[in-house]
Amino acid sequence: MSEMVTDDPLVIAGAKFGSRLIMGTGGAPSLDVLGRALTASGTELTTVAMRRVDPAAAGSVLDVLTARGIAVLPNTAGCFTAAEAVRTARLAAEALETTWVKLEVIADEITLLPDPIELLDAAEQLVGLGFTVLPYTNDDPVLARRLEQAGCAAVMPLGAPIGSGLGIRNPHNIELMVQASSVPVILDAGIGTASDAALAMELGCEAVLLATAVTRARDPELMAAAMRSAVLAGRLAYRAGRIPRRRYAKASSPPYQG
Amino acid sequence: MRIVINGEHREVPDQMSLERVVAAITTSATGIAVAVNGEVVRRASWSSVALAPGDEIEVLTAVQGG
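One structure accompanies this document, and this report is about it.

Rules of the game
Residues numbered from 1 in each chain as written. Chains lettered and ligands numbered in written order. Predicted model: local features only at pLDDT ≥ 70, side-chain atom pairs only at ≥ 80, totals over all residues. Helix = DSSP H or I, 4+ residues; strand = E, 2+ residues; numbered from the N terminus. Rg over C-alpha atoms; globule rule 2.2 N^0.38 Å. Contact = placed C-beta atoms within 7 Å. Nonpolar A, V, L, I, M, F, W, Y, C, P; charged D, E, K, R; others polar. Core = buried A, V, L, I, M, F, W, Y, C linked by C-beta atoms within 7 Å. Buried ≥ 20, exposed ≤ 12 C-beta atoms within 10 Å, placed from the backbone. Pairing = 2+ DSSP bridges. Axes fitted to C-alpha atoms, helices over the stretch in contact; angles between N-to-C directions. Right-handed = clockwise from strand over helix to strand, strands pointing away. Parallel < 35°, antiparallel > 145°, perpendicular 65-115°, else oblique. Left-handed = near helix turned anticlockwise from the far one by under 90°. Arc of directions from axis to C-beta.

In terms of helices and strands, chain A carries 10 helices and 10 strands. A globule of 258 residues ought to have a C-alpha radius of gyration of about 18 Å, and chain A, at 19 Å, matches this closely. Within chain A, contacts between residues separated by at least 24 positions form 63% of all contacts whose residues are at least 6 apart in sequence.

Attention shifts here to the interface of chain A and chain B. Taken together, the 29 residues of chain A in the interface contact 20 residues of chain B. Within the residue set of the side of chain A that touches chain B, elements represented by two or more residues are strand 4 (45-52), helix 3 (61-67), strand 5 (71-74) and helix 4 (82-96) of chain A. If you tally residues by element for the side of chain A that touches chain B, the top one is helix 4 of chain A, at seven residues. Residues of the side of chain A that touches chain B, tallied by class, amount to 17 nonpolar, six polar and six charged.

Burial of nonpolar side chains together is a common tendency in soluble globular proteins. Residues and elements named next belong to chain A. Grouped together as the largest cluster of nonpolar side chains are 99 residues, with contacts concentrated most on Leu103, Ile186, Ala197, Cys205, Val208, Leu210 and Met227. Ranked by the residues each element gives to this core, the list is headed by helix 4, at nine residues. In contact with alanine 197, not counting residues within four places along its chain, are Ile191, Val208, Leu210, Met227, Ala230, Val231 and Gly234.

Moving on, we get to unusual backbone geometry. Among all residues save glycine, negative phi is the norm, and among peptide bonds the norm is trans. Positive phi is not limited to glycine here, since asparagine 6 of chain B has a value of about 50°. Judged by C-beta crowding, with 16 C-beta atoms within 10 Å, asparagine 6 of chain B ranks as partly exposed.

All names here are of chain A. Read from one edge of the open sheet, three strands run 6-7-8, paired in parallel fashion. At either end of the open sheet lies a strand with only one pairing partner, and these are strand 6 (100-103) and strand 8 (156-157). Docked against the sheet, helix 5 (residues 116-128) engages strand 6 and strand 7 (132-137), running at close to 170° with respect to strand 7.

Residue and element names in this part refer to chain A. Relative to the elements of secondary structure, isoleucine 22 occurs in strand 3 (residues 21-23). Residue classification places isoleucine 22 among the buried residues on the basis of 31 C-beta atoms within 10 Å. What isoleucine 22 contacts, discounting residues up to four positions off in sequence, is Thr43, Leu45, Thr46, Ile186, Ala207, Val208 and Leu209.

Residues and elements named next belong to chain A. For strand 7, the buried fraction is high: five of the six residues fall into the buried class. Where strand 6 lies against strand 7, four bridges are found, and the strand directions are parallel. By the bridge assignment for strand 7, tryptophan 100 is matched with threonine 132. At this point the chain moves from strand 6, through helix 5, to the parallel strand 7, and the crossover so formed is right-handed. Direction of pairing for strand 7 relative to strand 8: parallel, over a ladder of two bridges. Residue pairing across strands places threonine 137 opposite proline 157, the latter belonging to strand 8.

So, about the environment of arginine 239 of chain A. Note on placement: arginine 239 of chain A falls in helix 10 (residues 220-240). Remark: the alpha-carbon pair of arginine 239 of chain A and methionine 201 of chain A, spanning 38 residues in sequence, is separated by 9.5 Å.

Residues and elements named next belong to chain A. Put simply, helix 6 (residues 141-149) and helix 7 (residues 171-180) touch, their axes get as near as 9 Å, and they point 30° apart. When the interaxial angle is binned, helix 6 and helix 7 end up roughly parallel. For helix 6 against helix 7, the interelement crossing comes out right-handed. Residue-level contacts link Pro141, Ala144 and Arg145 of helix 6 to Asn173, Leu176, Met177 and Ala180 of helix 7. When its residues are assigned to classes, the contact of helix 6 with helix 7 shows five nonpolar, one polar and one charged.

Turning to the pairing of strand 2 (residues 8-11) of chain B, a few remarks are in order. A regular strand places its side chains on the two faces of the sheet in alternate fashion. Residues and elements named next belong to chain B. Sheet analysis places strand 1 (residues 2-5) next to strand 2, joined by four bridges and oriented antiparallel. Of the residues in strand 2, the one forming a bridge with isoleucine 5 is glutamate 8. Remark: two residues form the turn of the hairpin made by strand 1 and strand 2, two consecutive strands paired antiparallel; asparagine 6 in that turn has positive phi of roughly 50°.

Residue and element names in this part refer to chain B. Of the residues making up helix 1 (residues 18-25), those classed as buried are Leu18, Val21 and Val22. Axial view of helix 1: buried residues confined to an arc of 95°, hence all on one face. For helix 1, the secondary structure elements touched by its buried residues are strand 1, strand 3 (32-36), strand 4 (39-41) and strand 5 (56-63).

Laid out in structure tokens, this is it:
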């Protein structure tokens with residue numbers, strides 16, 4: 001591909017990534033399938049969760065990432081309070097030797113929606129501790145602004161609830177966030193298929209984070225390749241600038257002069 | 001003495017070090033983090049931390065998620 005297409009890195013907190021697709025690892029039927037999907041996705045940054053050691057576990061997700069040179073982004077999935085999230089982030093930093101964290105503080109198990117009060121509290125604390133904080137947030141431009149003011153390195157609004165595959169329910173709010181934000185807006189959660197990922201990028205998001213849409217697809221490796229193409233296509237379309245929508249036709253050929 | 005390791009009650013020798021507790025759970029040298037009674041204990045301190053009866057120890061690692 002030409003340099004015009006490829007020389008467009010994602011930059012978060014000064015770190016550059018050649019891919020604008022950030023992957024999650026949840027839901028894959030096996031580490032082997034996960035590894036092939038990650039390779040097909042072209043991702044350079046991928047999330048993991050922190051859980052109790054299972055002495056019976058065979059293989060490690062960390063080995064899958066390390067073997068592919070993919071940077072690890074620990075999350076705080078499963079945390080309901082700021083205190084839990086801060087502790088989990090500190091444990092992840094200790095285990096994985098990174099100060100980056102995907103901050104998740106959810107309100108309940110039914111919706112898995114972020115709890116905005118606890119989220120902002122946790123973000124402020126973690127920024128104070130020197131973390132590079134990437135918060136999973138509601139599609140709320142005001143909350144995004146508050147997270148940015150708190151020092152977050154990106155804001156990651158949901159398109160729809162985690163694992164729902166409902167796509168981007170409020171594209172207008174995502175656009176508002178993109179226009180107002182000086183840190184990257186990364187669409188996180190709700191992606192169902194490739195067109196959802198392309199739309200996120202066309203709206204001006206700097207990247208897309210997804211897991212379920214790939215890991216629970218009939219063919220995860222193939223869907224990962226689809227997402228890779230969709231994110232690139234959406235990004236190129238955003239940079240190229242789409243034509244305005246018109247009510248009536250506009251001829252694309254010059255008038256016939258016979 | 002009795003302590004709690006990852007939610008399970010265990011009987012261990014008195015004054016057992018945190019390092020030995022971790023070694024009993026996992027042989028992995030990397031990707032592990034430990035909290036005692038909710039406080040993160042850095043790897044460099046594992047050998048010098050003596051446990052007390054009733055201590056609750058969490059030994060965590062990265063798994064698929066997010």
